[in-house]
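Okay, here's what each chain looks like letter by letter:
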Amino acid sequence: MLEYVLFSLLNSLVLGMLLFMLSSGLTLIFSMMGVLNFAHASFYMLGAYFGYQISTWIGFWPALVIAPLLVGGLGALVERYGLRSLHKYGHVAELLFTVGLFYIIEESVNLIWGRNAVMYPIPTILDFPIFKLLGAEVSAYRMFMLLISMAMFVGLYLVLTRTRIGLIIQAALTHPDGVNALGHNVPAVFMLVFGGGSALAGLAGVIGGIFLITEPAMAATLGPIVFVVIVVGGMGSLTGAFVASLLLAAIQTFAVGIEYSLTDILALFGWQVDTSGFFRDIWRIQLSHTGPILPYLFMVLMLMFRPKGLMGKRES
Amino acid sequence: MNHYLKQFGIWFAAVIVCIVLPLVFNSGFSRSMLSQMGIAVIFALSYNMLLGQGGMLSFGHAVYYGLGGFLAMHALNWVGDGWPLPLELVPLMGGLGGVVAGLIFGWLSTDRAGTTFALISLGIGELIAASALMLPSFFGGEEGISANRMVDTTLTGFRFGQQIEVYYLIVAWMLVCIALMYLQTKTPLGRVANAVRDNPERAAFIGYNARVVRTLQFTLAAFFAGIAGGLFAINYEIITTETVGAIPSGNVLMMTYIGGVGHFFGPILGAALVTLMQLTLAGITHAWLLYFGLLFVGMVLWAPGGLAGLIMMHEPVWKAGLMSRLLRAYAIIAVPALVLFLGLMTLIEINYHLSLSVNPDEPLSLFGISFKAQSPAAWIVSLALIGIGFFFFRKGQRVVRRSWNEVAQQMKGAAIQ
């Protein structure tokens, strides 16, 4: 039991920090510009593929630096030449543009790297068990991922609170019109934030692509979860995104190990339930099988009862 | 009589075309494609009730399509076992499924419109799609649910074994649904839904509860989506969890947007065109989804009104009799546009051949010209085509712009006189 809890905690910490890396960029973009970037997970995928390609040509450590910069540059270009001309048409048009971008990036990845997963292995320097926990080994790569995510979180926090541009971004997170009225170059700030957010997603891709599989479908699998994170965490709040990432990763990781169904829980109270009939599936399904739907259930409940999210500062 | 002919003449012509089409295109593939178009038209129009008329962008509309389809499929099985419901009315069961789901989920989602609504719809869509595999008694698990549409209880006495009979059933339902949805836009609910779309705060001040209006509009849209799902069930005789998932939701969004959300007939065009593209293009080139994405992004950037918007933009010009001037400018820009498109297409096809075909060394054949994909000549030619095409396209844009300015001036001048 202790083993289960401890390992689930560790795994949810690692997964949660990866999710936070992905969603921090999206929270910044969504909160500042109101644009829900449907293609954010696609930038994550591009980061993984660029990381893979540069690792094969040069090495992992240059890839760790170059790939996020490339993805960030691409994001800035997308903002400058695509989204900027759509601001006047409203949020729906911007959202639809990013939907189209999602399809284009996915097909381009198919085009260049093929439809199968690519072999993006753990770099040999990190491929060893770093310590033993209750008899089972913990891989050094997971600790490395944790380290990078923590460093990113700390770096982001420092940039946002200790630099001038960070203060402008913070202000624009909650009062974008006010910042514009004060005379700051908000379009340039938008481009910077979009590029920065995409670069963060790219960084998440470079290290996440090794941890999870690198294939053309990875954007479609991880994309909706990222939306759940930012909705649950709340608009305008990075801490909310942090908490929500950890919470959702924990929910998914812990649920996988619990094999009780509603019938079992009711049996604890001595209630026998008739498990035939129209709703028999709902009575009999085990919690471990409901893993995929738990984040969405959480999100729908959150949107119904507290649309601001856990720590949101604005509603829309 | 003449007045009605003028206003609805084009609709009469369309009805006749629908009836005659499968007799002209009588291969199995064409008839099957026409049936799919019919279903897609109903689905896209129902989606536009949400997007174009209600201002609600939904990423999970396939939930109501799929749930309606599943209920209709179960109903079809019950009819086969002796339930006294004629086959022609089975889509109504689909509509029922859509209404029930639409009422529940619509009430949950419509507190706010805009991005929050879009996210809730995405969440509900993913929720239902994920839970579909967990509830095998209704959704049939991995294999889905299947039924036999050749039942004994029918209104018209047809056996519905042949595709053409199913096509006429679909067309009949399509025409009924188009009429109903068109009339709905003229009802008070339809008008108030437009008002809530444009300015929900003001609508509330006039006395309409925005949430109630949106929920009603949502439920009606889900009803028609359910009917489309029921026709899907009859047409394919099998339905799987894919039908409630993200792919049909994304599809219907593309169809409606490419067709044009601002006009009633937009989604009809979009559904027909996108279905045609999906079925024919997929057989010609592997890159069809990329072309799709590019078309979609192009529409969002440069033609947000969709095809219907582009057509209706020319309506005043047509009425003023100045189309010929515009047509001349369009003819001038058409040539570089074609060259540019050919260059892009060649580049994309070369890359697809190199990365995704079974044997990249095999020569690739485009328009009857066979060449090796790796040859530098192919790359140079395609890049040159792109460069030249783009350069002259920019020049052509100036000609078109000038021509539009002249036409606008003339129309303004005529209006003043």
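All of these numbers come straight from a predicted model, not from anything done at the bench. Along each chain, residues carry numbers from 1 onward, in the same order as the chain's sequence is written. Think of it this way: whatever chain is written first is A, whatever ligand is written first is 1, and the rest follow in order. Side-chain atom pairs in this predicted model are given and counted only at pLDDT of 80 or more, local residue features only at pLDDT of at least 70, and totals for whole chains, interfaces and linings cover all residues. Heavy atoms throughout the structure, all of them, feed into the side-chain values; hydrogens and water do not.

As for the overall build of chain A
By the criteria applied, helices consist of DSSP H or I runs no shorter than four residues and strands consist of E runs no shorter than two, each listed in order from the N terminus. Tallying secondary structure elements over chain A gives 13 helices and two strands in all. Oriented by its inertia axes, the alpha-carbon framework of chain A measures out at about 70 × 50 × 40 Å. When accessible area is computed with a 1.4 Å probe and restricted to protein chains, residues below 20% of their type maximum are described as buried, those above 50% as exposed, and intermediate ones as partly exposed. Burial statistics for chain A: of 316 residues in total, 54% are counted as buried. The contacts of chain A with a sequence gap of at least 6 include a subset with a gap of at least 24, amounting to 78%. Contact criterion: two residues are considered in contact whenever any of their non-hydrogen atoms come within 4.5 Å of each other.

Structural notes on unusual backbone geometry
All names here are of chain B. At F160, a position not held by glycine, the phi torsion is positive, near 55°. In this structure, F160 sits in the loop between β1 (145–146) and α7 (163–186). Even without being glycine, E237 reaches a positive phi, approximately 60°. Mapped onto the secondary structure, E237 falls in the loop between α10 (210–236) and β2 (238–239). Judged by relative accessible area, E237 falls into the partly exposed class, the value being 24%.

What about empty space enclosed by the protein?
Residues and elements named next belong to chain B. A cavity, in this analysis, means grid points on a 1 Å lattice covering only the protein atoms where a 1.4 Å probe fits yet has no way out; a pocket is instead an open set bounded by protein on both sides within 12 Å along at least five of seven lines, and a residue lines either one if it has an atom within 4 Å of a point. Grid points are joined across faces, edges and corners, and a volume is the space filled by probe spheres set on the points. In the structure shown here, the tally under the stated rule is one cavity of 30 Å³ or more. One number sums up the size of the largest cavity: a volume of about 40 Å³. Elements with a minimum of two residues in the lining of the largest cavity: α5 (115–132) and α11 (246–259). By residue number, the principal contributor to the lining of the largest cavity is α5, which donates four residues.

Overview of the packing of aromatic side chains
Aromatic pairs are defined between Phe, Tyr and Trp rings, using the six-membered ring for Trp, whenever the two ring centres lie within 6.5 Å; interplanar angles under 30 degrees are classed as stacked, those over 60 as edge-to-face, and all others as tilted. Considering all chains together, one arrives at 33 aromatic pairs over all chains under this definition. Look at F153(A) and F242(A): their rings are 4.5 Å apart centre to centre, the planes differ by 5°, and that puts the pair in the stacked class. Of this pair, F153(A) sits in helix α5 (residues 140–162) while F242(A) is found in helix α10 (residues 238–255), placing the two residues 89 residues apart along the sequence. Three or more aromatic residues link up through ring pairs in this structure, and these residues are F38(A), F102(A), Y103(A), F227(A) and F59(B). Here the guanidinium or amino end of R80(A) rests over the ring plane of Y81(A), the centre of that ring lying 5.1 Å away. The side chain of K88(A) reaches across the aromatic face of Y89(A), ending 5.0 Å from its centre. Charges are assigned to positions over rings by a cutoff of 6 Å between ring centre and Lys NZ or Arg CZ, combined with an angular limit of 35 degrees from the ring normal.

Here we look at helix α3 (residues 62–80) of chain B
Counting along an α-helix, one turn takes 3.6 residues, and residues three or four places apart therefore face a common direction. A rise of 1.5 Å per residue sets the reference length of α3(B), with its 19 residues, at 27 Å; its end C-alpha atoms lie 26 Å apart and thus fit the reference within 8%. Among the 19 residues in α3(B), 16 count as buried, and that is most of the element. For a helix, the expected span equals 1.5 Å multiplied by the number of residues minus one.

Examining the interface of chain B and chain A
Contact residues are listed per partner, giving 40 residues for chain B and 46 residues for chain A. Throughout, the accessible surface (probe 1.4 Å) given up by two parts as they are put together, summed over both, is called the buried area. Roughly 3700 Å² is buried in total at the junction of chain B and chain A, and carbon and sulfur atoms are behind 80% of that figure. The three residues of chain B that bury the most area against chain A are L119(B), L127(B) and M134(B), which together make up 16% of that side's buried surface. When a carboxyl oxygen of Asp or Glu is within 4 Å of a side-chain nitrogen of Lys or Arg, the pair counts as a salt bridge. Linking chain B with chain A are zero salt bridges, by the criterion used here.

A few points about the state of the cysteines
All names here are of chain B. By disulfide we mean two sulfur atoms from cysteines, separated by a distance within 2.5 Å. A complete count under the given rule lists zero disulfides over all chains for this structure. You can see C18 has no disulfide; the closest cysteine sulfur is in C177, sitting 13 Å from it. The buried category is assigned to C177, whose relative accessible area is 1%.

A short note on the environment of F292(B)
All names here are of chain B. Considering the arrangement of structural elements, one finds F292 in helix α13 (residues 288–302). As a C-alpha pair, F292 and G309 span 17 residues in sequence and 19 Å in three-dimensional space. Dropping the residues within four chain positions of it, F292 is found in contact with M254, I258, V274, M277 and Q278.

Focus on a positive patch on the surface
In this scheme, patches are assembled from residues that exceed 30% relative accessible area and form no salt bridge. Like charges are connected within 9 Å, while nonpolar side chains (Val, Leu, Ile, Met, Phe, Trp, Tyr) are connected within 5 Å. Reported accessibility uses the Shrake-Rupley method at a 1.4 Å probe radius. Residues are deemed covered only where the shown protein chains occlude them. Under the convention used here, Asp and Glu are negative, Lys and Arg are positive, and both His and the chain ends fall outside the count. Here the site of a charge means NZ on Lys, CZ on Arg, CG on Asp, or CD on Glu. Taken together, the side chains of R394(B), K395(B), R398(B), R401(B) and R402(B) present a region of like positive charge at the surface. Relative to the elements of secondary structure, R398(B) occurs in helix α17 (residues 376–416).

What about the pattern of salt bridges?
Enumeration over the complete set of coordinates arrives at five salt bridges over all chains. Residue E79(A) pairs with R84(A) through a salt bridge whose shortest N-O separation is 3.4 Å. The class of E79(A) is buried, set by a relative accessible area of 0%. For D152(B), the salt bridge is made with R159(B), and the minimal N-O distance between the two is 3.3 Å.

Some remarks on the nonpolar core
For the purposes of this section, nonpolar cores are sets of buried Ala, Val, Leu, Ile, Met, Phe, Trp, Tyr and Cys residues that join through side-chain atoms within 4.5 Å. Residues M32(A), F43(A), I207(A) and F59(B) are the most contacted members of the largest nonpolar core, which totals 208 residues. At 15 residues, helix α1 (residues 2–33) of chain A tops the list of elements feeding residues into this core. Apart from the residues lying within four places of it in its own chain, the contact partners of I207(A) are L18(A), M21(A), L64(A), Y141(A), F144(A), M145(A) and I148(A). Core analysis: the next-biggest nonpolar cluster, separate from the first, contains six residues, V196(B), A203(B), A210(B) and V213(B) among them.

Section: the environment of Q374(B)
Residues and elements named next belong to chain B. Relative to the helices and strands, Q374 is located in the loop between β4 (369–371) and α17. Since its relative accessible area comes to 37%, Q374 is described here as partly exposed. The spacing of Q374 and I350 is 24 residues in sequence and 8.0 Å in space, taken between C-alpha atoms.

A closer look at the side chain of S109(B)
Residue and element names in this part refer to chain B. Tracing the chain through its elements places S109 in helix α4 (residues 90–109). What makes S109 buried here is its relative accessible area of 3%. Any pair of nitrogen or oxygen atoms within 3.5 Å is treated as a polar contact; in protein, a donor-acceptor pairing is required on top of that, and neighbouring residues in sequence qualify only through side-chain atoms on both sides. A polar contact of 2.3 Å, which involves the side chain of S109, links it to the backbone oxygen of F105. In contact with S109, other than residues within four places in its own chain, are F117, I120 and I124.

Quick notes on the packing of helix α2 (residues 40–57) of chain A against helix α4 (residues 91–113) of chain A
All names here are of chain A. In contact at an axis separation of 10 Å, α2 and α4 are set at 20° when each is read in the N-to-C sense. Accordingly, the angle class assigned to the pair α2 and α4 is roughly parallel. Crossing of α2 over α4 shows left-handed handedness. Across the interface between the two elements, S42, F43, M45, L46, Y49, F50, Y52 and Q53 of α2 pack against L101, F102, I105, E106, V109 and W113 of α4. Axes here refer to lines fitted to C-alpha atoms; in helices the fit is confined to the stretch in contact. Angles between the N-to-C directions go from 0 to 180 degrees. To sort the angles, those under 35 degrees are grouped as roughly parallel, those over 145 as roughly antiparallel, those from 65 to 115 as roughly perpendicular, and the leftovers as oblique. Handedness of each helix crossing follows the sense of rotation of the near helix against the far helix: counterclockwise by less than a right angle gives left-handed, clockwise gives right-handed.

As for the packing of α1(A) against helix α6 (residues 164–174) of chain A
Residue and element names in this part refer to chain A. At a minimum axis separation of 7 Å, α1 and α6 run at an interaxial angle of 60°. In terms of axis orientation, α1 runs oblique to α6. For the element pair α1 and α6, the recorded crossing hand is left-handed. Mapping the contact onto sequence places L28, S31 and M32 in α1 and I169, A172 and L173 in α6.

Observations regarding the side chain of S42(A)
All names here are of chain A. Tracing the sequence through the fold places S42 in helix α2. Take S42: its relative accessible area is 0%, and that puts it in the buried class. In contact with S42, not counting residues within four places along its chain, are F102, I105 and A219.

Points about a nonpolar patch on the surface
Residues and elements named next belong to chain B. Residues I16, I19, V20, L23, V24, F25 and Y168 make up a contiguous nonpolar surface patch of roughly 630 Å² in combined accessible area. Looking at the nonpolar patch element by element, the count peaks at five residues for helix α1 (residues 2–24). Residue placement: I19 occurs in helix α1.

Section: the confidence of the model for chain B
Close reading of the predicted structure is inappropriate where its pLDDT is low. pLDDT measures the predictor's confidence residue by residue and takes values from 0 up to 100. Per-residue confidence for chain B averages 88 on the pLDDT scale, and 98% of its residues sit at or above 70. For this predicted complex, the interface score ipTM comes out at 0.85, while the overall pTM is 0.88.

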